[in-house]
Amino acid sequence: MRYHRFILIFVSIVSFTLVFIKCIDESNKEVSRTGNDNQFKKFAGSATCAGCHKDIYQSHILTAHHLTSQKADEKNIKGSAAEGRNRFYFNPYVYVAVEKRDSQFYQVAYVNGVQKYLASFDITVGSGKRGQTFLYWDHNKLLQMPLTYFTSLDQWTNSPGFSNRIIFRRPVTSRCLECHSTYFEKISDADPEDFSKTNIIYGVECEKCHGPGEQHVAYQMQHPDDRVGKYIINPHAFTRKQSLDLCRLCHGGRLAKTRPSFSFQAGDNLSDYFAIDTAAKDVADIDVHGNQYGMLAASKCFKMSEMTCLTCHSPHENQTGQKELFSQRCMSCHNEAHNNFCKMKDRIGASITKNCVDCHMPEEPSKSVMVLLQGQDVPTSATMRSHFIAIYPEATKKFLNKKN
């Protein structure tokens, strides 16, 4: 009996050891497969950049890029939790309310006045220029909340793409996060994916375009008199394609990734990371939201020049609404010396130099960002500026009527 008991114990120990070794081996495979274990350590964070680049940092934190994702708190949640302004009714008996309980904000679902589900605001997505949507953590998974804030009407709506019912379980993918942040560490390839709650860099920050800066900061701290930046990417030196690929990562429409999210780095060839559809598209089929590159690339201005996104946009400054500034950039090419100035100059007068964009890049409704407003059955579209530079007769007519 003792001999049999010894054999049983021995076999159990061996089995346990083999299982344990297999688990360790599988764990090592997971780290190798996701490739994120040490990536977060390579980032310095934008606040560190401010030590040497204070003016650029102070300007950048006012941009939509910086504000495109943040930890949710009372300061950066745009919608109201005040009674009378905090509900969205899906029908007379079912609604979601935005509520503050102690120091935390929640979206709370009610049916016939009875609470059925709640989730805390954990992450804001969107600068709030047009709207803002919200994410919450369920263990290590990120899920989208059912209500979105619609800025122009200052009200809560159902989130874009949601049906007219309460949904708390829409998963957020690493590809979504790749465009709304600088870095999220993925910790497993589960479906939905799992993310670290700590190894995160919110917003599109300095290191999105300049690459992880930990090595750069360490070197420059040790060599403060070296004025040539080492171990950092300088997009100013990019070719046209490199510059466009960097912007196209998030402003190039739906891209099917062929390598893990957050693998692409500024200066890389986008087609090495995504399946690029090279077929020419009718510009009428390109949505104004999310594919600014596609619209710009279809424009005559783009095809007949070496322009990039940076020809008009400064990534370090908030230039929203500065129509005169953008118009000056139009006129750096379109002027009387080049014999290609606007033919409406005599009719419009001197003010023509202050606003090219409303006629040639008007605001248009998005087909993808559509929400249901309270009491509506037909979705309302968010409007965004077209990046297809062209002559729009109706927009010109509207501009002239407004001027008169």
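You'll find the structure just up there.
Peer 1: What am I meant to see in the nonpolar core here?
Peer 2: The nonpolar side chains of a soluble globular protein tend to be buried with one another. Formed by 20 residues in total, the largest nonpolar core has its most connected members in Ile77, Phe121, Phe134, Leu147 and Trp156. For this core, the secondary-structure elements that each account for two or more residues are β2 (87-91), β3 (94-101), β4 (104-111), β7 (131-138) and β9 (147-150). Examining the composition of this core, we find that three residues originate from one element, β3, more than from any other. Not counting the four nearest positions on each side in its chain, phenylalanine 121 is found in contact with Ala72, Ile77, Val98, Gln104, Phe105, Tyr106, Gln107, Phe134, Leu135, Met145 and Trp156.

Peer 1: I keep staring at the side chain of threonine 157 and nothing clicks. Help me out?
Peer 2: With respect to the helices, strands and loops of the structure, threonine 157 is situated in strand β10 (residues 155-158). Among the residues examined, threonine 157 registers a relative accessible area of 0% and is labelled buried. Those residues in contact with threonine 157 that sit more than four places away from it in its chain are Phe88, Pro146, Leu147, Thr148, Phe150, Val371, Leu372 and Leu373.

Peer 1: Can you walk me through the side chain of arginine 175 in this structure?
Peer 2: For arginine 175, the position within the fold is in helix α5 (residues 174-180). Once you skip the residues sitting within four places of it in the chain, arginine 175 turns out to touch Leu249, Leu255, Lys257, Ser261 and Phe274.

Peer 1: Looking at this model, I keep getting lost on the packing of aromatic side chains. Mind explaining?
Peer 2: Enumeration according to the criterion identifies 17 aromatic pairs in this entry. An angle of 85° between the planes, with centres 6.5 Å apart, marks the rings of tyrosine 293 and phenylalanine 302 as edge-to-face. Directly above the aromatic system of phenylalanine 302 lies the positively charged group of arginine 240, at a separation of 4.2 Å from the ring centroid.

Peer 1: Got a minute to help me understand the environment of threonine 68 in this structure?
Peer 2: Positionally, threonine 68 belongs in the loop between α4 (64-67) and β1 (69-71). Separated by 111 residues in sequence, threonine 68 and cysteine 179 place their C-alpha atoms 8.9 Å apart.

Peer 1: Quick question: what am I supposed to make of the pairing of strand β12 (residues 181-188) here?
Peer 2: Counting buried residues in β12 gives seven out of eight residues, a clear majority hidden from the surface. Of the pairings in the sheet, the one linking β12 to strand β13 (residues 194-202) comprises five bridges and is antiparallel in character. Following the sheet pairing, tyrosine 183 is matched in β13 by isoleucine 201. Where β12 folds back onto β13 in an antiparallel hairpin, the turn is made up of five residues.

Peer 1: Even after reading the chapter, I still don't get helix α11 (residues 323-331), so can you show me in this structure?
Peer 2: Working note: α-helix, 3.6 residues per turn, so residues spaced by three or four point in the same direction. By the burial criterion, the buried members of α11 are Phe326, Ser327 and Met331. What you see down the axis of α11 is that its buried residues fit within an arc of 145°, all on one side. The elements touched by buried residues of α11 are α13 (357-360).

Peer 1: Please explain the sheet that holds β2 as it appears in this structure.
Peer 2: Working definition: the strands of a sheet are paired by backbone hydrogen bonds and lie parallel or antiparallel to each other. Within the open sheet, the four strands sit side by side as β2-β3-β4-β5. Their pairing is antiparallel. Only two strands of the sheet have a single neighbouring strand rather than two, namely β2 and β5 (114-120). With direction set aside, neighbouring strand axes in the sheet form an average angle of 25°. Of the strand pairs in this sheet, β3 and β4 are connected by eight bridges, and their pairing is antiparallel.

Criteria and cut-off values
- Residues numbered from 1 in each chain as written.
- Predicted model: local features only at pLDDT ≥ 70, side-chain atom pairs only at ≥ 80, totals over all residues.
- Heavy atoms only, no water.
- Core = buried A, V, L, I, M, F, W, Y, C linked by side-chain atoms within 4.5 Å.
- Buried < 20%, exposed > 50% of the residue type's maximum accessible area, 1.4 Å probe, protein only.
- Helix = DSSP H or I, 4+ residues; strand = E, 2+ residues; numbered from the N terminus.
- Contact = heavy atoms within 4.5 Å.
- Phe/Tyr/Trp six-rings, centres within 6.5 Å; stacked < 30°, edge-to-face > 60°.
- Lys NZ or Arg CZ within 6 Å of the ring centre and 35° of its normal.
- Pairing = 2+ DSSP bridges.
- Arc of directions from axis to C-beta.
- Axes fitted to C-alpha atoms, helices over the stretch in contact; angles between N-to-C directions.

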